[in-house]
Amino acid sequence: QVQLVESGGGLVQPGGSLRLSCAASGFTFSMYGMSWYRQAPGKERELVASITSGGSTGYADSVKGRFTISRDNAKKLVYLQMNSLKPEDTAVYYCYGRVSWGRGTQVTVSS
């Protein structure tokens with residue numbers, strides 16, 4: 001069955017960087033667009049970044065210029081490189097693809 005497993009979250013100071021990874025299995029990864037979402041406490045889940053099967057990308061305005069989504073089809077991985085992190089980036093980050101969600105990884109930006 002489809003499985004998405006996120007990793008790479010943690011505690012980072014404002015201005016720092018993290019790279020999230022999502023390992024996919026159970027479907028033909030290269031054929032599907034993939035996305036990263038996030039959900040902060042008390043807020044709705046929001047789309048952060050997406051990448052199509054062809055590699056085209058899109059970003060929420062709040063992360064443009066700071067976050068980069070990428071994929072490695074050979075390894076069935078999708079990444080989210082997050083730079084210049086801000087406290088408002090604190091959230092659980094979820095990988096989404098093939099109509100399935102990962103369990104999420106916590107990102108906390110705090111001094």
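Above: the structure in question.
Residues numbered from 1 in each chain as written. Predicted model: local features only at pLDDT ≥ 70, side-chain atom pairs only at ≥ 80, totals over all residues. Heavy atoms only, no water.

**A look at the environment of Val2**
To be explicit about the condition: Where helices and strands are cited, they refer to DSSP runs of H or I of at least four residues and of E of at least two residues respectively, numbered from the N terminus. Buried residues are those whose accessible area, probed at 1.4 Å on protein chains only, stays under 20% of the maximum for their type, while exposed residues exceed 50% and partly exposed ones sit between those limits. Note on contacts: a residue pair qualifies if any of its non-hydrogen atoms lie within 4.5 Å across the two residues.
By the element assignment, Val2 lies in the segment before strand S1 (3-7). What makes Val2 partly exposed here is its relative accessible area of 24%. Considered as a pair, Val2 and Gly97 are 95 residues apart in the sequence and their alpha carbons are 9.0 Å apart. Once residues lying within four places of it in the same chain are set aside, the contact partners of Val2 are Ser25, Gly26, Phe27, Gly97, Arg98 and Ser100.

**A word on the pairing of strand S8 (residues 77-82)**
Convention followed: One bridge is not enough; two strands pair if DSSP finds at least two bridges between them.
The element S8 is largely enclosed, with a buried count of five among its six residues. Pairing of strand S3 (residues 18-25) with S8 involves six bridges; the strand directions are antiparallel. Residue pairing across strands places Arg19 opposite Gln81, the latter belonging to S8. Where strand S7 (residues 67-72) and S8 come together, six bridges link them in antiparallel fashion. Across the sheet, Ile69 pairs through a bridge with Leu80, a residue of S8. Hairpin connection from S7 to S8: four residues lie between these consecutive antiparallel strands, with Lys76 at a positive phi of about 55 degrees.

**Considering the sheet that holds S8**
Rule in force here: A fitted line through C-alpha atoms serves as each axis, taken over the contacting stretch for helices, and the angle formed by two N-to-C directions is quoted from 0 to 180°.
Read across the sheet, four strands follow the order S1-S3-S8-S7 without closing on themselves; strand pairing throughout is antiparallel. Across the chains shown, the open sheet's two edge strands, defined by having one partner strand only, are S1 and S7. Taken pair by pair, the neighbouring strands of this sheet meet at an average axis angle of 15 degrees, ignoring direction.

**Focus on the side chain of Ser21**
Mapped onto the fold, Ser21 is located in strand S3. Residues in contact with Ser21, not counting those within four places in the same chain, are Val5, Glu6, Ser7, Trp36, Val78 and Tyr79.

**Examining the environment of Tyr32**
Formally: Definition of a polar contact: a pair of N or O atoms within 3.5 Å, with one able to donate and the other able to accept a hydrogen when the atoms are protein atoms, and with sequence-neighbouring residues admitted only if both atoms are side-chain atoms.
Within the element layout of this structure, Tyr32 appears in the loop between S3 and strand S4 (34-39). For Tyr32, a relative accessible area of 30% gives the class partly exposed. Separated by 65 residues in the primary sequence, Tyr32 and Gly97 place their C-alpha atoms 6.9 Å from one another. Apart from residues no more than four positions distant in its own chain, Tyr32 is found in contact with Phe27, Ser53, Arg71 and Arg98. Only 3.2 Å separates the side chain of Tyr32 from the side chain of Arg98, close enough to count as a polar contact.

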